[in-house]
Amino acid sequence: MALMVVKFDLKKRVKLAQFLWLMYWFSVMAGVLVFSMGLFFKIELRKRSEMMDNNESHFVPNLLIAVGLLACGINAMGGKICYDSLDPIKFSRWKPMLKPFLVSCVAFNCLLVLTALLCFLMRIPLQFTLAEGLKNALKFYKDTDTPGRCYMKRTLDQMQIEFRCCGNNNFRDWFEIQWVSNRYLDFSAKEVKDRIGSNVDGKYLMDAVPFSCCNPGSPRPCIQYQVTNNTAHYSYDHHTEDLNIWKRGCRDALISYYGGMMNTIGALVLLVVILEVIVMIGLQYVNTSQCNLANPEDPESESEGWILEKTVKETFTDIMDKMKAMSKGNAVEEGGVEGVATFEVDCWRIGGAIGDEARVKVAEVNQG
Amino acid sequence: MALLKLQFPLQRRVRLAQSLWLLSWLAVLAGAFTFSLGVYLKTELLRRAEVMDNTEIHVVPNILMLVGLITIGINLFAGRVCQDSLDSARFPPWKPFLLPWYGLAWMVCVWLLSAVVLSYALQGHLEESLKVGLRNGIRFYRDTDVPGRCFQKETIDRLQMELRCCGNTNYRDWFEVQWISNRYLDFTSKEVKDRVRSNVDGRYLMDGVPFSCCNPGSPRPCLQNHLTDNAAHYNYEHQSEELNLYIRGCRQALVDYYMGLMNTIGPGILSVISLQMSVLVSLRYLQTSLDGVDPENPEADSEGYILAKGVKETMMDVKNTMFNLLQFGQVEAGDEAEAGEDGEKAATSS
C-alpha cells in the first residue's frame with residue numbers, strides 16, 4: 001500500500017510542475033542566501049582574528065559556503081527537471097537519473113541539518129579561543145613598538161569602544177597586567193620604583209583602566225585611575241558606581257555577538273531544510289505521476305502519484321534486504337520474480353522487490 | 001522657421017513612442033531614487049540635529065523629496081500618454097494637458113538644479129549653525145542633572161568618538177569651559193578653590209579634555225589632564241604631540257561629512273535632470289509629429305519640431321499673448337468706442 005497516494009489528471013500535473021518550478025527558483029535564492037551568510041560569517045571572524053589569537057577554526061563558515069553553492073546547483077537541476085517534466089520526450093531523458101537525484105537530495109538535506117546543528121554548537125570552541133586570545137591581547141596592549149603587535153592597542157581600544165566592554169572577564173583584568181609601556185615610565189620617580197618593587201615580576205601594576213573602558217553615558221567625567229580608591233575622588237564609591245566604566249567583559253560581549261549571529265544562521269538553515277524537503281516531495285510526486293500513466297500512450301490520461309510505493313516499514317526492510325544481497329554478491333541473477341533484483345520496467349521503484357505490473361511483464365518476456 | 005525640425009515616417013513615430021514609454025518608466029525610477037536620496041539626507045541631518053542651531057540646511061532634502069514625488073507623477077502621466085499616442089482615437093483627449101505638462105517638467109528640472117546649487121551655497125550657513133550648536137553642546141556638557149540637557153554629555157562624547165574629533169575648532173575649546181559638574185567637585189580642597197578663584201566667573205577651568213577626545217591610535221596611554229604642562233608627564237611635549245588626542249575640530253569634521261554626502265548626491269541628481277529633459281524633448285517631438293499627420297492618410301510622413309517658429313519669434317508671440325491678456329479689459333471698451341466713431345465717420349463721409 002503506497003504512502004500518501006494522490007490522483008492526478010493532466011491539469012493537476014501541469015499545475016504541480018509549474019508550482020514546483022517556482023519553488024525551485026526560491027530554493028536557488030535560498031541557496032544564494034546561505035552562501036552569502038557563510039561569506040559574511042567568515043569575514044566577521046577574520047575581522048576579529050587578532051582577538052582569537054589567529055587560531056579560530058573556519059570550518060563552519062566554509063561548510064556554509066560549500067552547502068550554499070551545492071544547494072544552488074541541486075535546485076537549478078531540479079528546476080530544469082520540472083521544466084522538462086511536461087514534455088514526454090525530454091522527460092524520458094531525465095528518467096534514469098531521477099532515482100539517484102532524489103537519493104542525493106535526501107543526503108543533501110541530512111547535510112543541511114548537520115550544518116545547522118554545527119552552527120548552534122560552534123559557540124563552545126569559540127569561547128575557549130576567545131578566552132585565550134583576549135588574555136594575550138591584553139598582555140600585548142603596551143607593545144606599540146614591537147613589530148607585529150604595534151596595532152594591538154588600537155584594535156583593543158576600538159573593540160572595547162564598539163562592543164561596550166572592558167577587559168577579558170571584567171575590568172579587573174587590567175589591574176593584573178602592565179598596560180603602560182616602559183618608554184613612558186619615569187624610572188627615577190619614587191612612585192614608579194615603589195610600584196615595580198611591590199611585585200615579583202617587576203611590573204608596573206596599578207588599579208587603573210584605559211580610556212576605552214569609559215562609559216559615555218555616565219553623568220560624571222570618567223574616572224580611569226585609582227578606580228578602587230574611594231578617597232581619591234570626591235563623592236565616589238566604587239562598590240555602587242556602575243555607570244563609570246563598562247561592567248561587561250569583552251569575552252561575554254563577543255560571545256553574545258557571534259552567538260546571536262550563529263543562532264540566526266542556524267535558524268535560517270533549518271528553514272532552508274524545510275523548503276528543500278517540500279520540493280523533494282513535490283519532485284517525487286511529479287516523477288511517480290508521470291511514470292504511472294493509466295494509458296502509457298496517451299499523455300492526457302489520469303495517473304497516480306505517491307511518496308513511497310510501499311509503507312515506510314516495508315520500504316525500509318526492502319532497502320535492508322537489498323543491501324544484504326549486494327554484500328552477499330551475485331547469487332540472485334536467476335529465479336526472477338521472487339528475487340530482489342532491481343528491475344527497470346517503466347519507472348524505477350524504491351526497494352528491490354518487483355511489483356505486480358513488472359511481474360506480469362517479466363512473465364510475458366519469459367514466455368515470448 | 002521651426003526649431004530643430006525632423007522628419008517622422010510612420011516607423012520612426014512608432015519607435016519614438018516605444019522608446020519614450022521606456023524612458024518614462026526609467027524616469028519614474030529616477031524620481032523614486034531622488035525621493036529616497038532626499039529621505040536619506042534628511043535622516044542624516046536629523047541624526048545630528050542636537051548640535052545644529054537652525055534648520056536652514058533642511059531645505060535641500062525637502063526640495064529633493066517634493067520634486068521626487070512630482071517627477072514620479074509626471075512621468076507616469078507621460079508613460080500613459082505615449083501608450084495612447086499611436087491610437088488616433090485615444091490621443092486627442094490628452095492634448096490640452098500637454099502644455100501644462102511641459103511647464104511642470106521644466107519646473108522640475110529647474111528645482112533639481114537649484115537643489116544642487118543650494119547644497120553648495122548653504123555650506124556657510126551650515127558651518128555657522130554647527131558653530132553655535134557645538135558651542136552650546138560643549139557649554140552644557142556638564143549639565144547631566146538638568147532636564148532637557150541631561151543627554152548632552154553622551155551626545156557630545158559619542159559624536160567625538162564616531163567622527164574622531166575634539167571640541168568645536170580644536171581641543172582648546174575644552175579649556176575655556178567648565179565641563180565637570182559642581183556635584184563632583186570638592187569645594188573644601190585647596191586646588192579646587194584656587195582654580196575657581198582664578199577667573200572672573202568662578203568657573204573650574206583646567207587644561208584637560210574629556211576621554212572621548214582620546215585617539216586609540218596613539219602609542220601611549222591617553223593623556224587627558226595637564227595637557228599644556230610638559231613637566232606633568234614623562235617624555236611629553238605638547239607642541240609636537242599629535243597622536244594623543246584628535247587634532248580635528250568637530251565642526252570641520254561634520255562639515256566635511258555633509259559636503260561629502262552632497263558631492264556624492266550631486267552627480268545622481270544631474271543625471272536625473274538629463275533624463276527628465278530627454279523625456280520632455282521626446283514627448284514634444286511625438287506631439288508635434290502626431291499633430292502633423294494627415295487624418296485621411298494616417299500612415300504618411302510628418303514633421304516634428306520643438307518650437308513652431310524660432311526662439312526669438314516664439315518669445316515675441318508669448319509676450320504679445322500675455323500683453324493682450326493683461327490689457328483685455330481696457331482694450332475692449334476703447335475699441336468699441338473707436339469702432340463706433342469710425343462707423344459714424346464712414347457713414348457721414350459716404
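Residues numbered from 1 in each chain as written. Chains lettered and ligands numbered in written order. Predicted model: local features only at pLDDT ≥ 70, side-chain atom pairs only at ≥ 80, totals over all residues. Heavy atoms only, no water.

Named according to an unreviewed UniProt entry, chain B is RDS/peripherin-like protein xRDS35 originating from Salvelinus namaycush. Its UniProt record gives chain B a comment under Sequence similarities (unreviewed entry), which states: "Belongs to the PRPH2/ROM1 family." In UniProt, chain B has this text filed under Subcellular location (unreviewed entry): "Membrane". (UniProt positions renumbered as here; feature names shortened; annotations may be inferred.)

Looking at an unreviewed UniProt entry, one finds chain A named Peripherin-2, with Salvelinus namaycush as its source organism. Word for word, the UniProt comment on chain A under Sequence similarities (unreviewed entry) is "Belongs to the PRPH2/ROM1 family." Annotation of chain A in UniProt includes, under Subcellular location (unreviewed entry), the sentence "Membrane".

S.K.: For the pattern of salt bridges, give the residues involved together with the corresponding values.
M.R.: All names here are of chain B. This structure, assessed with the given rule, holds 26 salt bridges over all chains. Taking the shortest distance from any N to any O, the salt bridge between Arg48 and Glu162 comes out at 2.7 Å. Residue Arg48 is found in the loop between α1 (10-47) and α2 (59-84), and its partner Glu162 is found in helix α5 (residues 152-163); the two are separated by 114 residues along the sequence. Glu162 gets classed as partly exposed once you look at its relative accessible area, which sits at 46%. Between Asp194 and Lys190 there is a salt bridge, with the nearest N and O atoms lying 2.8 Å from each other. With a gap of four residues between them, Asp194 and Lys190 both fall in helix α6 (residues 190-197), about one helical turn apart. (Salt bridge = Lys/Arg side-chain N within 4 Å of Asp/Glu carboxyl O. Helix = DSSP H or I, 4+ residues; strand = E, 2+ residues; numbered from the N terminus. Buried < 20%, exposed > 50% of the residue type's maximum accessible area, 1.4 Å probe, protein only.)

S.K.: I'd like to hear about the state of the cysteines, residue by residue, with values.
M.R.: All names here are of chain A. The tally for this structure, following the rule as stated, stands at six disulfides over all chains. Disulfide pairing places Cys165 opposite Cys250 at an S-S distance of 2.1 Å. Of note, the bridge from Cys165 to Cys250 carries an S-S torsion of about 85° and is right-handed in sense. Taken together, the positions of Cys165 in the loop between α5 (152-163) and α6 (190-197) and Cys250 in helix α7 (residues 250-291) put the pair 85 residues apart, joining distant regions of the chain. This pair shows no difference in class: Cys165 is buried, exactly as Cys250 is. Across the disulfide, Cys214 is cross-linked to Cys222 (sulfur-sulfur distance 1.8 Å). Here the S-S torsion is close to -85°, and the disulfide linking Cys214 with Cys222 is therefore left-handed. A relative accessible area of 17% means that Cys222 is categorised as buried. (Disulfide = S-S within 2.5 Å.)

S.K.: How would you explain unusual backbone geometry if you had to name every residue and give the values?
M.R.: In the Ramachandran plot, A:Ser235 falls in the positive-phi region, its phi being about 55° despite a non-glycine side chain. Along the polypeptide, A:Ser235 turns up in the loop between α6 and α7. Backbone geometry places B:Asn235, a non-glycine residue, at a positive phi of 55°. By the secondary structure assignment, B:Asn235 is in the loop between α6 and α7 (250-291).

S.K.: Any details on the UniProt feature "transmembrane region" (unreviewed entry) in chain A? Residues and values, ideally.
M.R.: Residues and elements named next belong to chain A. As annotated by UniProt and renumbered to match this structure, "transmembrane region" (unreviewed entry) occupies residues 20-41, 62-81, 101-121 and 265-286. The distance from the first to the last C-alpha atom of residues 62-81 is 29 Å, and the span holds 100% helix and 0% strand. The distance separating the terminal C-alpha atoms of residues 101-121 is 30 Å; by composition the span is 100% helix and 0% strand.

S.K.: Residues and numbers for the packing of aromatic side chains, please.
M.R.: Inspection of every chain in the model, using the stated rule, returns 20 aromatic pairs over all chains. Within the aromatic cluster, the residues linked to one another by ring pairs are A:Phe41, A:Phe163, A:Tyr257 and A:Tyr258. Taking the ring centre of A:Tyr204 as reference, the NZ or CZ of A:Arg195 above it sits at 5.8 Å. Stacked on the ring of B:Phe8, the Lys or Arg B:Arg12 has its end atom at 5.8 Å from the ring centre. (Phe/Tyr/Trp six-rings, centres within 6.5 Å; stacked < 30°, edge-to-face > 60°. Lys NZ or Arg CZ within 6 Å of the ring centre and 35° of its normal.)

S.K.: Describe the interface of chain A and chain B, with residues and values.
M.R.: Facing the 27 residues of chain A at the interface are 26 residues of chain B. For the pair chain A and chain B, the summed buried surface comes to about 2400 Å²; carbon and sulfur atoms form 65% of the total. Of all residues in chain A, A:Tyr184, A:Phe211 and A:Pro216 give up the largest surface area on contact with chain B, accounting jointly for 28% of the area buried on that side. At the junction of chain A and chain B, the tally comes to zero salt bridges. Our enumeration of links across chain A and chain B arrives at six residue pairs in polar contact (both at pLDDT 80 or more). (Contact = heavy atoms within 4.5 Å. Buried area = accessible area lost by both parts, 1.4 Å probe. Polar contact = N/O pair within 3.5 Å; in protein donor to acceptor, adjacent residues only side chain to side chain.)

S.K.: Quick rundown of a nonpolar patch on the surface? Include the residues and the values.
M.R.: Residues and elements named next belong to chain A. A grouping of Trp21, Leu22, Trp25, Phe26, Met29 and Tyr83 is seen on the molecular surface, where their side chains present a nonpolar patch of about 680 Å² in accessible area. Here the nonpolar patch gets five residues from one element, more than from any other, and that element is helix α1 (residues 10-47). Among the residues examined, Leu22 registers a relative accessible area of 45% and is labelled partly exposed. (Patch = residues over 30% accessible without salt bridge, like charges linked within 9 Å, V, L, I, M, F, W, Y side chains within 5 Å. Areas by Shrake-Rupley, 256 points an atom, 1.4 Å probe, with all protein chains shown as cover.)

S.K.: Lay out the confidence of the model for chain B in plain terms, naming residues and giving numbers.
M.R.: When pLDDT is averaged across chain B, the result is 89; 93% of the residues are at 70 or more. We note a pTM of 0.79 for the whole complex and an ipTM of 0.78 for its interfaces. (pLDDT = per-residue confidence, 0-100.)

S.K.: Can you tell me about the packing of α1(B) against α7(B), naming the residues and giving the values?
M.R.: Residue and element names in this part refer to chain B. Closest axis-to-axis distance for the α1/α7 pair is 9 Å, and the angle between their directions is 155°. Taken together, the axes of α1 and α7 are roughly antiparallel relative to one another. At the point where α1 passes α7, the crossing takes the left-handed sense. Class assignment for the residues of the contact of α1 with α7 results in 25 nonpolar, six polar and two charged. (Axes fitted to C-alpha atoms, helices over the stretch in contact; angles between N-to-C directions. Parallel < 35°, antiparallel > 145°, perpendicular 65-115°, else oblique. Left-handed = near helix turned anticlockwise from the far one by under 90°. Nonpolar A, V, L, I, M, F, W, Y, C, P; charged D, E, K, R; others polar.)

S.K.: Can you break down the layout of surface pockets residue by residue, with the values?
M.R.: Empty space within the largest pocket amounts to approximately 1500 Å³. Within the residue set of the lining of the largest pocket, elements represented by two or more residues are α6 of chain A together with α6 of chain B. For the lining of the largest pocket, a count of residues per class yields 31 nonpolar, nine polar and ten charged. (1 Å grid on protein atoms, 1.4 Å probe; cavity = no way out; pocket = protein on both sides within 12 Å on 5 of 7 lines; lining within 4 Å. Points joined across faces, edges and corners; volume = space filled by probe spheres on them.)

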